[in-house]
Amino acid sequence: MDRLCRAPINSSLWNIRTKVKPTPEIRSRDLPFNKPSATVLVSASNGANGGNGAINIKHISEQKDRLLLTAVKRALYTTEQEQGPGQVAFRVAYQGIPGAYSEEAALATHPGCQGLPCHTYAAALQSVESRVADRAILPVESTVEGSIHRNYDLLLDHRLCIVGEIHYPVYYCLLAPPGVDREEIKRVMAHPLALSQCRRTLKTLGLANVSMQTSDDTAGAAECVSRNGPRGTAAIASARAAEIYGLRVLARGIQDESCNFTRFLILARDPIVPTADRPCKTSIVVAHDGELGVLFKVLSAFSFRDINLTKLESRPTKNRPLRVVGDGPAFVKEFHCVFYIDFEASLSDRRVQNALTELKEFASFLRVLGSYSVDATPKA
Ligand SMILES: O=C(O)C(=O)C[C@]1(C(=O)O)C=C[C@@H](O)C=C1
C-alpha cells in the first residue's frame, strides 16, 4: 500500500486513481486534517504494474499519515483532472507540485487539462519527448527579474518546439498553518524568485529579520510548511496552494511590484506554425564561433525586412560547453556565443524564410524553436 501511495511522489509515470470514502468528508480541497479518521481507496497503474488498496488514515497529525495524505491529495488532484472513467485528459507537464504557478499557467492555457507534476524542468521536457505528456510549460522570463537563463539553455538541449506563450500574473500570498498569526512568524520558506520579489513587502509586514529558506517551487514551500514546518514557519505561494495544502492566507498580493508577470512557453513535440494573418512570434537560436560582426549581420537580416525583434538574449558559451539538439543527433559544443532571438512574424511569412536563409550563411548553428500566436495580455 505504501508503495502505491508514494508512487506519485517518486515517479511522474504513475497514473493514480482514487476513490474516497466517505465521499462528503474528503475532497481534494477539504482533506481531513482535523478529522479523526478516514478511509481512502487508491488504485494505481503505470502500464505494467498496478494494484488497488485502502489507506486507513487514523491519526492525521502523525508525520507518516501526513506523508500519505500528501500523496493522496496529489492523487485526488490528478483524478479530478481526468475527463471521465478510463479517459486520461490532455497532459501538461510542469516543474513543481500542484498549486505551483507553472501549474496555474498550464490550466490557464489548457483548461481542463491534467497537470503532470515533475521534479525538474528537464524532467517536464523529457516527459513530452517520451510521450508521457502532450505539452510542457516552462517559465523563461519574469517582468521583474528578467530571463531565466538555465531554462533558455534547456530549450537547446531538448527536441521540442514552442507552440505558445502566456504572460501569467504572479500574485504571491503569505501562508501559514491555521492558528498561526503573522506576529509568530520566524521563518519564511519560498522559491528564490518569490523571496527576491517580495523582500520589500516582507519588511513592511515586520518580517525583515526572519530567516529565509528556499524551496524548489512555491507550492513545495506551502506543502512543506503544512506537512512539517516548525511552528512559526510561513510560505510564499499562491492562494490556490493555500487551499490545496490546508494553509491560511495571512497576506495577499505581497509582491513588491504590482506588475509581476512570468512568461511561460508551451512546448510540444511537433511544430504548429500559425498563419501569418494574426499577430505571431517566432523564436530562434543562432550561434557563432567568434567571427567578427555576427550580431550586426543578424540584426540587419531582420531590420532590412522590417521584422521587429522583441527579445535578444546573448549567452557566451566559451569554456561552457552546451549540449545542443539540432536537425541531426545531439552534440556538445563550446560556441563563442549563442543568441536567443524572438521576432514578430510567423515562419510561414516569406520575409522570415529569406531572413533565415541569410543567417545560415554566417551562423555556425541555427535552430527555429517555434512560431506561435502572441499572448497580448495587457501587463497592467
Ligand atoms: O514555483 C512556482 O510556483 C513556479 O511555477 C516556478 C516559478 C519560476 O521558476 O519562475 C514561476 C513563477 C514564480 O515567479 C516563481 C517560480
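In the block above lies the structure referred to throughout.
These notes cover the structure that comes with them. (Residues numbered from 1 in each chain as written. Predicted model: local features only at pLDDT ≥ 70, side-chain atom pairs only at ≥ 80, totals over all residues. Heavy atoms only, no water.)

## As for the overall build of the protein chain
Helix and strand content of the protein chain: 10 helices and 20 strands. The 380 residues of the protein chain split such that 52% are buried. Contacts in the protein chain between residues far apart in sequence, at least 24 positions, make up 76% of those at least 6 positions apart. Per element, the accessible surface of the protein chain, about 17400 Å² overall, is 51% carbon and sulfur. (Helix = DSSP H or I, 4+ residues; strand = E, 2+ residues; numbered from the N terminus. Buried < 20%, exposed > 50% of the residue type's maximum accessible area, 1.4 Å probe, protein only. Contact = heavy atoms within 4.5 Å. Areas by Shrake-Rupley, 256 points an atom, 1.4 Å probe, with all protein chains shown as cover.)

## Quick notes on the pattern of salt bridges
Per the counting criterion, the structure on display carries 17 salt bridges. Between Glu141 and Lys311 there is a salt bridge, with the nearest N and O atoms lying 3.3 Å from each other. Separated by 170 residues along the polypeptide, Glu141 in strand β6 (residues 135–142) and Lys311 in strand β16 (residues 309–316) bring together distant segments of the chain. The class for Lys311 is buried, based on a relative accessible area of 12%. Salt-bridge contacts for Arg315 lead to Asp153; the nearest nitrogen and oxygen are separated by 2.6 Å. With Arg315 in strand β16 and Asp153 in helix α5 (residues 149–157), the pair connects residues that are 162 residues apart, well separated along the chain. If you follow the salt bridges from partner to partner, you end up with Glu141, Glu165, Arg263, Lys281, Lys311, Glu313 and Asp342 in one network. (Salt bridge = Lys/Arg side-chain N within 4 Å of Asp/Glu carboxyl O.)

## Structural notes on the site of the ligand
Contacts to the ligand come from 13 residues, most closely from Tyr101, Ser102, Tyr121, Tyr172 and Thr218. Between the ligand and the protein, one listed contact pairs an oxygen atom with a side-chain N or O atom of Tyr172 at 2.8 Å. Thr218 places a side-chain nitrogen or oxygen 2.5 Å from an oxygen atom of the ligand. Here the ligand, which alone exposes 370 Å², has 99% of that area covered by the protein. Among the residues making up the shell around the ligand, the classes are represented as 8 nonpolar, 4 polar and 1 charged. (Near = heavy atom within 4 Å. Polar contact = N/O pair within 3.5 Å; in protein donor to acceptor, adjacent residues only side chain to side chain. Nonpolar A, V, L, I, M, F, W, Y, C, P; charged D, E, K, R; others polar.)

## Comments concerning the sheet that holds strand β12 (residues 233–237)
Strand order in the open sheet formed by 5 strands is β11-β10-β12-β9-β13, and the pairing between neighbours is mixed. Two strands lie at the open edges of the sheet, namely β11 (211–214) and β13 (248–252), each paired on one side alone. Averaged over all neighbouring strand pairs, the angle between strand axes comes to 30 degrees, with direction disregarded. Here strand β9 (residues 173–176) runs beside β12; their pairing, made up of 3 bridges, is antiparallel. What sits directly across from Leu175, in β12, is Ala235. Together, β9, β10 (187–190), β11 and β12 form the strand contacts of helix α6 (residues 192–204), whose direction differs from that of β11 by roughly 155 degrees. (Pairing = 2+ DSSP bridges. Axes fitted to C-alpha atoms, helices over the stretch in contact; angles between N-to-C directions.)

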